[in-house]
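Examining the three-dimensional arrangement
Here is how the chains run, residue by residue.
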Amino acid sequence: MKTELIIGLLETIKADAALITDPANMRYLTGFTGEGYVLLTSEGAQIVTDSRYTIAAKKECPGCKVTQWDKIGIYKPAMLLSQNPKIKKIGFEDTYMRVSAYKTWEKKLRDAKLVPIKDNATRLRRVKSEEEIETIAEAEAIGDRAFARLMIDLGVDVDKLGSIGKEVSKYHIPTYIKATESTEKQIAAKLEFYMKDEGAEGLSFETIAASGLNGAMPHAVPQDKLLEKGELLTLDFGCVYNGYCSDMTRTVAVGKVSDELQKIYNIVKKAQETALEKIHAGITGAEADKLARDVIEKAGYGDHFGHSLGHSVGLEIHESPGFSRKEKSVIESGMVISVEPGIYVEGVGGVRIEDLVAVTDTGVRNLAGSVKELIIID
């Protein structure tokens with residue numbers, strides 16, 4: 001339980017208590033990973049859950065009161081709190097709670113006033129501790145190893161996969177597959193299997209495997225389409241390790257690709273390298289975004305880079321702040337943010353290269369280790 005943060009949150013929102021229903025915030029503040037809600041007061045935290053999670057909650061949340069609501073009703077613990085004459089205002093997560101849920105809570109907690117806390121609880125998660133960064137780094141490393149194993153299966157020479165390829169080759173027994181006899185769905189499934197085999201507890205998001213013309217869609221859904229020679233294949237994947245997410249994208253070639261696709265790849269790679277060299281704590285998210293966007297715009301592909309340069313990652317795959325044209329927030333040391341420029345040309349294909357970085361006062365620590373020279377699957 002993060003007692004100091006809880007007290008600070010209550011002071012910030014000017015409330016006597018807080019009702020936390022966002023699972024990520026519940027976990028961050030108390031360690032609770034189950035279903036239910038958390039009540040915060042200056043005296044500590046109360047986990048309200050059912051019989052499926054009570055034993056786990058007692059183990060996960062030392063110092064927290066655990067209440068099983070099965071027999072007394074899910075709302076009763078919060079109602080009892082609201083009836084305490086010292087509790088006049090209870091903060092609620094208006095950026096997370098549905099309107100229908102709010103109306104129910106408002107009726108149940110009529111003895112106290114519900115006040116919106118906006119994103120104040122979520123903002124506590126923006127800057128990561130060293131322990132959090134190391135956990136995210138391990139999640140990213142799982143993705144690195146899974147990607148290398150997939151590339152080996154596709155016949156890529158280990159020497160072209162850098163130190164990670166050499167590492168996994170010591171224990172990975174290849175199940176060789178031919179790229180042009182594999183579908184996007186099959187490639188995505190194999191990559192997901194390897195992430196779990198490497199220690200992931202789940203996926204950060206549905207894996208993207210987009211080949212050929214499908215690569216022009218940044219969030220393409222894997223199809224039954226076979227990979228073809230002369231195409232690029234974009235793989236966007238991530239996993240969850242000890243509750244924290246990873247995110248990585250690599251674009252590879254199936255055989256020799258056209259000069260235009262090679263050119264696009266080189267531009268995206270240069271854009272990412274430029275951003276990685278110049279991002280540091282103290283700049284705004286908009287300034288970071290501009291570092292990569294300027295490279296792409298000067299190359300004549302500005303209209304083909306529609307999304308932002310990156311987003312924060314932690315207990316959730318999309319957190320804030322991000323690197324975007326509209327992000328005015330100052331980037332702080334300890335934030336973990338993706339750097340993922342891309343170019344997407346309808347009727348041609350697309351390229352995206354993405355790493356997760358931990359921002360420092362002087363630059364960034366890149367948490368990804370997979371090579372970024374264009375890998376060609378023969």
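Just above, that's the structure.
Described in the following lines is the structure provided in the data block. Keep in mind that this is a model prediction, so the values were computed, not measured.

Moving on, we come to the side chain of D153. Tracing the chain through its elements places D153 in helix 7 (residues 130-153). Polar contacts involving the side chain of D153 include one to the main-chain amide nitrogen of T175, which spans 3.0 Å. Beyond its immediate chain neighbours, meaning those up to four positions away, D153 contacts H172, P174, T175, Y176, I177, K190 and Y194.

Attention shifts here to the pairing of strand 9 (residues 231-237). Of all seven residues in strand 9, seven are buried, a share of seventy percent or more. Of the two faces of strand 9, the one lined by E231, L233, L235 and F237 and the one lined by L232, T234 and D236 are each fully buried. Looking at chain direction, strand 9 and strand 12 (residues 248-254) are connected through seven bridges and run antiparallel. Among the inter-strand pairings, D236 is bridged to a residue of strand 12, identified as T249.

The subject of this paragraph is the sheet that holds strand 9. Strand order in this open sheet of four strands is 8-9-12-20, and the pairing throughout is mixed. Edge positions in the sheet fall to strand 8 (208-211) and strand 20 (376-377), since each has one partner strand and no second. The strands touched by helix 7 within the sheet are strand 9, strand 12 and strand 20, with strand 12 carrying the most contacts at an inclination of about 10°. Running at roughly 35° to strand 9, helix 9 (residues 184-197) makes contact with strand 8 and strand 9 of the sheet.

The rules we used
- Residues numbered from 1 in each chain as written.
- Predicted model: local features only at pLDDT ≥ 70, side-chain atom pairs only at ≥ 80, totals over all residues.
- Heavy atoms only, no water.
- Helix = DSSP H or I, 4+ residues; strand = E, 2+ residues; numbered from the N terminus.
- Polar contact = N/O pair within 3.5 Å; in protein donor to acceptor, adjacent residues only side chain to side chain.
- Contact = heavy atoms within 4.5 Å.
- Buried < 20%, exposed > 50% of the residue type's maximum accessible area, 1.4 Å probe, protein only.
- Pairing = 2+ DSSP bridges.
- Axes fitted to C-alpha atoms, helices over the stretch in contact; angles between N-to-C directions.

Interpretation note: all reported values are geometric properties and have no functional meaning in isolation.
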